[in-house]
Amino acid sequence: MNTNTMNTNTIINNSEYIIHEEPYYLPTANEVEIFNSALAENIPVLLKGPTGCGKTRFMEYMSWFHKRPLITVSCHDDLTTSDLVGRYLIKNDSTVWQDGPLTTAVRNGCICYLDEIVEARKDTTVVIHPLCDDRRILPLEKLGQLLKAAPEFCLTMSYNPGYQSAVKDLKPSTRQRFIAINFAYPVEDVEKTIVHQESGLPVEQCVHLVKLANMTRNLVGNGLEEGASTRLLVHTAKLIKRGFEPNVACKCGIADSLTDDDETKILLHEMIDTIF
Amino acid sequence: MKFIIDWFKKQVKPAQKVIRPSLLESKQTGSCGGMSTTELKIRIELILDGVKTKDSIMGSVTQLAGLSHSLQTQFLDQLSELSELSMSHAYSVMLVYTPSIKIMDSKEHSQWIEQIILSISSNQLDEANSLIKNYSQFNLQINRSTTSFSDVADVLEKLIFSITRQELALMSIDLSANQRPYTNGKSIFLPESISVFDNYQDNYLLYKVMTFQLLGQIQLQTNSALKDIEEGVTEYGDHFLDIFSTIETLRINHYLKKKFPGIWKNILSIHEKLTIETYPEHIFSDHAETSVFDSLSWIKQFGIKQRILDSLPYQSDFSPEKLSKHTVDSGSVQASPIMMNIDKKSSEITEDDDNNQTAERIYFKHNSNSEPSGSTNQPDTDIWQNLADNIEHHQAEQKSLRDEQKQNSYLYPEWDISLKQYRNNWCRVEEISTEHDIDESQITDDIELKFFEKRIRKSLDLIINDQKLIRNQADGDDIDIDAWVAASSNKTKHADDFQNIYIRNNKNSRSVAILFAVDISGSTAGWKNKIIKQSTWLLSRTLANLDDQYAIYAFSGAGRDHCHIYPVKKFDENYNYDIKQRIFSLKPQQYTRMGAAIRHLGKTLKQSDAKTKILFVLTDGKPDDIDSYRGDYGIEDTRRAFNEVKALHITPFVLTFDKEAMDYLPYMLGKKHFRLISDITMLPIQISTIYKQLTT
Ligand SMILES: Nc1ncnc2c1ncn2[C@@H]1O[C@H](COP(=O)(O)OP(=O)(O)OP(=O)(O)O)[C@@H](O)[C@H]1O
Ligand SMILES: [Mg+2]
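What you are looking at is a predicted structure, and each value in this text was computed from that prediction instead of being measured.

## Some thoughts on the overall build of chain A
Phase 1: When helices and strands are counted, chain A shows 12 helices and 9 strands.
Phase 2: Looking at chain A residue by residue over its 276 residues, the buried ones come to 51%.
Phase 3: Approximately 12,700 Å² of chain A is accessible, and the part contributed by carbon and sulfur atoms is 50%.

What follows is the structure, given as structure tokens:
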């Protein structure tokens, strides 16, 4: 099959996707070792965990560590197969093929990260099936091509098992192609270091923020859908660093971000007043 | 010691006048996103149903539009509640609503509304009128200087839970007995009301500090020295207890200062308001973990002086009698005495020498019978963890206690046609979980059902596929690039090719939640029950393959106090064999109080986030219950209930199996909302039309 003429647009400028500076990432368990092994064995990886616990940051770090470009696709319920694989575009009254992000990653041996995979439509998710077993091929239907993945290509995806309805769940046939790494919020000691590093706020105050976060996490299911994430803590810490009163910063950085419900908000304010 | 005593001597407790901060500020935060005047006006008109002329409400509507969305919703809720009692009062409340909310805090305001409702329903209309008219005086009438337990219990309980993950119940104690707050490790006992300060907020803070003192007592395991305290009391009497209580309170304060700086601030502000002298902080070292034995050795060290100390306002009851109530087994936890950072000067005052101190320490340690073999010197670095382990098994106990109280029951109103009025809180609906006790034989006869299942699925598939992206359309939301490309790359160009190059996207219309309400009343016994079960199973089986959310609940009952709802499959459960068993083990029960069931299930369904919500009732159609819920009364209430559900944007639909039902179903539901099926074989044919009609 000769498709050379069609691929004028497909060689990406790899450097766009390369992460040059080391992202700050503090391992919370053995996720780095698992990921490295999976990478060595060409097994795709599924990152599970609540929002803001460092999944995206982890991927950036691993991409930097292995010096492989990272292509991130945020999935949404309108994402079609063509959006991933590629499509014909019209140029001067003729058609040219444009690789989608997944195809680009497969061709160039990048790490492809599908964020919030459950949001994607089910018919979209199945295109990754042949890529994720030992065949490692991507069928490009419209080109009539079977694209063999470059050896460095690696597929990862993330999802948050917390608040999906039964309707939006991964098919077993999709799930079982992946090694899963479970992300949880880091333990107190680690989390305080992260918040401290990211925001520059003195450690003693970070400890309080982390304690507050753990209090909100205890309330999950009792008025809250999710507890405060590490990300929220970092944001709040940055506010405090800029000179806001901890009380005020927590109220807009944590309480108001977590809930709209007045009663729950009162309770969150009480928690904040307990700590600060 | 001397400075502590000095410090205590200076305690006085005048109730100080503190200016109440304006609560309006907190009300107006987040005021964005409220309803517009038009929307408000329409909603109000709907509720007030054309009372008075249209122009007269415009003024208040404009005012209301300035409130936050949550206040507006609260207003609409209260207005409709009032309007059910009296239109004219609802109207007058609306006129003064905005000014009233500006001068009262939210608690006062809801009390005000409550009082109005109370007066109207007890027919004291003049009283209600005057309440509305004199809204500006209302907050002066209620006694604000007392904060009662019931106001604070809920928040404090949740707060404690968020810290410990343990359900420590909060209970009130009788003030008249002059008791101090205490805990038994499972519950925290607080005074029924506090009026130390003349304002709610400060009294509340006192409650909060008391609660945290007791939490500290649990976490620091004061009760592990029970024996020593008992001995001390026997030997030296109440003096000992007084001194011990104060020292221990200070130790807990010290712990709170480290763990909960916010609470520490509260403590300091209480001290300041009651002009309690500066806190002698340095008696406990800032870094070391302390134990109750440190407090004891403190007392030992300085002897039991004759002075009686005044107690702190938030001090709890440390008497052995109360401490012994602790059910938490603290014997397993190591209490580890650590040298306190005792002020050099004060130790010079005492005659005790170093050796003596050590001896005493050992004495206490020995008595504490909490010394595990080996690691005696290891301090408890994680008291929280210890506590968590300790109380774990009590949590389950607490929980079951709670469950018993709540019992999953809900109250609903009922429409009385003869009174032309709702009877409030008339029906008690209980959710009862189902157990299946079914023998396999009853399920095996479903080979015929298999066939129907296939046919239903086929006809449903048609609808579903219908609803996704439709390509090659003459018109649509988006250009179908593929069609365009195909058309352009055609060697032999037809003009037609370029006609159908649009995509129509129907995807978003498919967001459907269906709740099946299955009538299992006694009147369905026999073939009706069978067909109901078969239909339910067929429908759920086929729906399990669609993207739609669905739930199944059965209902029956006897009398207004026993309306029973049996959840078979909730929205968040996936379909599985268990559910099939539950469906087939549904047995005819007692009666049908349809209205209550519909109201309850409507509420359940309302929580779904789907765009289309369908309440699908399978019944023999007859509302019928003891206590004269039959005939017109039953039909009218059911009709009313269906209308209420419709107002929640839920589509009701009744599938019935009884020809007689056709007499009143049209009246109860309106056209198109019901279907009669007399034979299961009809279901596959009917279902696709029904389904299409409902979801598109
Ligand atoms: N282990 C960690 N090391 C360093 N930073 C972290 C770590 N965990 C969380 N963070 C911080 O939390 C922030 C949010 O993390 P990230 O964006 O990776 O979350 P996420 O898991 O991808 O969330 P979502 O599911 O919402 O996309 C990061 O910007 C970083 O500041
Ligand atoms: Mg992310």
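Next comes the rest of the description.
## Overview of the pairing of strand 4 (residues 94-99) of chain A
Residue and element names in this part refer to chain A.
Phase 1: When strand 3 (residues 86-91) meets strand 4, the two strands line up antiparallel, connected through 6 bridges. By the bridge assignment for strand 4, Leu 89 is matched with Val 96.
Phase 2: Taking the residues that link successive antiparallel strands as the turn, the strand 3-strand 4 hairpin has 2 residues, and the phi of Asn 92 there is positive, at about 45 degrees.

## So, the packing of helix 3 (residues 37-48) of chain B against helix 6 (residues 87-103) of chain B
Residues and elements named next belong to chain B.
Phase 1: Between helix 3 and helix 6, the shortest axis-to-axis distance is 10 Å and the interhelical angle comes to 155 degrees. With respect to their mutual orientation, helix 3 and helix 6 come out roughly antiparallel. Between helix 3 and helix 6, the residues in contact are Ile 44, Ile 47 and Leu 48 and Met 87, Ala 90, Tyr 91 and Met 94, respectively.
Phase 2: Counted by class, the contact of helix 3 with helix 6 contains 7 nonpolar, no polar and no charged residues.

## Description of the sheet that holds strand 1 (residues 45-48) of chain A
By way of backbone hydrogen bonds, the strands of a sheet pair with one another, either parallel or antiparallel.
Residue and element names in this part refer to chain A.
Phase 1: Spatial strand order, 2-5-8-1-9: 5 strands in an open sheet with parallel pairing. What marks the edges here is a single partner per strand, and that holds for strand 2 (70-74) and strand 9 (179-182). Between one strand axis and the next, the sheet turns by 20 degrees as a mean value, whatever way the strands run.
Phase 2: Of the strand pairs in this sheet, strand 5 (residues 111-115) and strand 8 (residues 154-159) are connected by 4 bridges, and their pairing is parallel.

## Focus on the interface of chain A and chain B
Phase 1: Listed by partner, the interface residues are 28 residues for chain A and 28 residues for chain B.
Phase 2: For the chain A and chain B pair, buried surface summed over both sides reaches about 2,500 Å², with 58% attributable to carbon and sulfur atoms.
Phase 3: If you sort the residues of chain A by the area they bury against chain B, Asn 218, Glu 270 and Thr 274 of chain A come out on top, with a joint share of 22%.
Phase 4: Where chain A packs against chain B, one counts 1 salt bridge.
Phase 5: Its salt-bridge partner being Lys 208 of chain B, residue Glu 270 of chain A comes within 2.8 Å of it at the nearest N-O pair.
Phase 6: On inspection of chain A and its partner chain B, the count reaches 9 residue pairs in polar contact (both at pLDDT 80 or more).
Phase 7: Those elements that provide at least two residues to the side of chain A that touches chain B are strand 3, helix 9 (203-218) and helix 12 (262-275) of chain A.
Phase 8: In terms of residues, the side of chain A that touches chain B owes the most to one element, helix 12 of chain A, which gives 8 residues.
Phase 9: Here the side of chain A that touches chain B is built from residues that sort into 10 nonpolar, 7 polar and 11 charged.

## Thoughts on helix 7 (residues 106-121) of chain B
Residue and element names in this part refer to chain B.
Phase 1: In a regular helix each residue adds 1.5 Å, so 16 residues correspond to 22 Å; helix 7 covers 22 Å between its end C-alpha atoms and thus fits that length.
Phase 2: Along helix 7, the positions that sit buried rather than exposed are Glu 108, His 109, Trp 112, Ile 113, Ile 116, Ile 117, Ser 119 and Ile 120.
Phase 3: Downstream of helix 7 by a residue or two, Asn 123 has a phi angle that is positive, lying close to 65 degrees.

## Remarks on the packing of helix 3 of chain B against helix 5 (residues 69-85) of chain B
All names here are of chain B.
Phase 1: Where helix 3 contacts helix 5, the axes come no closer than 9 Å and their chain directions differ by 15 degrees. Classified by the interaxial angle, the pair formed by helix 3 and helix 5 is roughly parallel. Crossing hand, helix 3 versus helix 5: right-handed. On the side of helix 3, the interface is formed by Leu 40, Arg 43, Ile 44, Ile 47 and Leu 48, while helix 5 contributes Gln 72, Phe 75, Leu 76, Leu 79, Ser 80 and Ser 83.
Phase 2: Residue composition of the contact of helix 3 with helix 5, by class: 7 nonpolar, 3 polar and 1 charged.

## A short note on the site of ligand 1
Residue and element names in this part refer to chain A.
Phase 1: As a structural note, the neighbourhood of ligand 1 is formed by 15 residues, with Thr 51, Gly 52, Thr 56, Glu 198 and Arg 231 the closest of them.
Phase 2: Contact distances for ligand 1 include 3.3 Å between an oxygen atom and a backbone N or O atom of Cys 53.
Phase 3: Here an oxygen atom of ligand 1 sits 2.8 Å away from a polar atom, N or O, in the side chain of Lys 55.
Phase 4: Alone, ligand 1 offers 640 Å² of accessible surface; in the complex the protein occludes 88% of this.
Phase 5: Those elements that place two or more of their residues in the shell around ligand 1 are helix 2 (55-65), helix 8 (188-199) and helix 10 (230-241).

## Quick notes on the packing of aromatic side chains
Phase 1: Going through the model one piece at a time under the given rule, you end up with 15 aromatic pairs over all chains.
Phase 2: When the ring of Phe 58 of chain A is compared with that of Phe 183 of chain A, the centres are 5.2 Å apart and the planes differ by 65 degrees; the resulting orientation is edge-to-face. With a gap of 125 residues between them, Phe 58 of chain A in helix 2 and Phe 183 of chain A in the loop between strand 9 and helix 8 connect regions that are remote in the sequence.
Phase 3: One aromatic cluster is present, formed by Tyr 25, Phe 35, Phe 58, Tyr 61, Trp 64, Phe 65 and Phe 183 of chain A through successive ring pairs.
Phase 4: It is Lys 67 of chain A that lies over the ring of Trp 64 of chain A; its NZ or CZ is 4.4 Å from the centre.
Phase 5: In this arrangement the basic side chain of Lys 569 of chain B is found over the ring face of Tyr 550 of chain B, its NZ or CZ atom lying 4.1 Å from the centre.

Conventions used here
Residues numbered from 1 in each chain as written. Chains lettered and ligands numbered in written order. Predicted model: local features only at pLDDT ≥ 70, side-chain atom pairs only at ≥ 80, totals over all residues. Heavy atoms only, no water. Helix = DSSP H or I, 4+ residues; strand = E, 2+ residues; numbered from the N terminus. Buried < 20%, exposed > 50% of the residue type's maximum accessible area, 1.4 Å probe, protein only. Areas by Shrake-Rupley, 256 points an atom, 1.4 Å probe, with all protein chains shown as cover. Pairing = 2+ DSSP bridges. Axes fitted to C-alpha atoms, helices over the stretch in contact; angles between N-to-C directions. Parallel < 35°, antiparallel > 145°, perpendicular 65-115°, else oblique. Contact = heavy atoms within 4.5 Å. Nonpolar A, V, L, I, M, F, W, Y, C, P; charged D, E, K, R; others polar. Buried area = accessible area lost by both parts, 1.4 Å probe. Salt bridge = Lys/Arg side-chain N within 4 Å of Asp/Glu carboxyl O. Polar contact = N/O pair within 3.5 Å; in protein donor to acceptor, adjacent residues only side chain to side chain. Expected span 1.5 Å × (residues − 1). Left-handed = near helix turned anticlockwise from the far one by under 90°. Near = heavy atom within 4 Å. Phe/Tyr/Trp six-rings, centres within 6.5 Å; stacked < 30°, edge-to-face > 60°. Lys NZ or Arg CZ within 6 Å of the ring centre and 35° of its normal.

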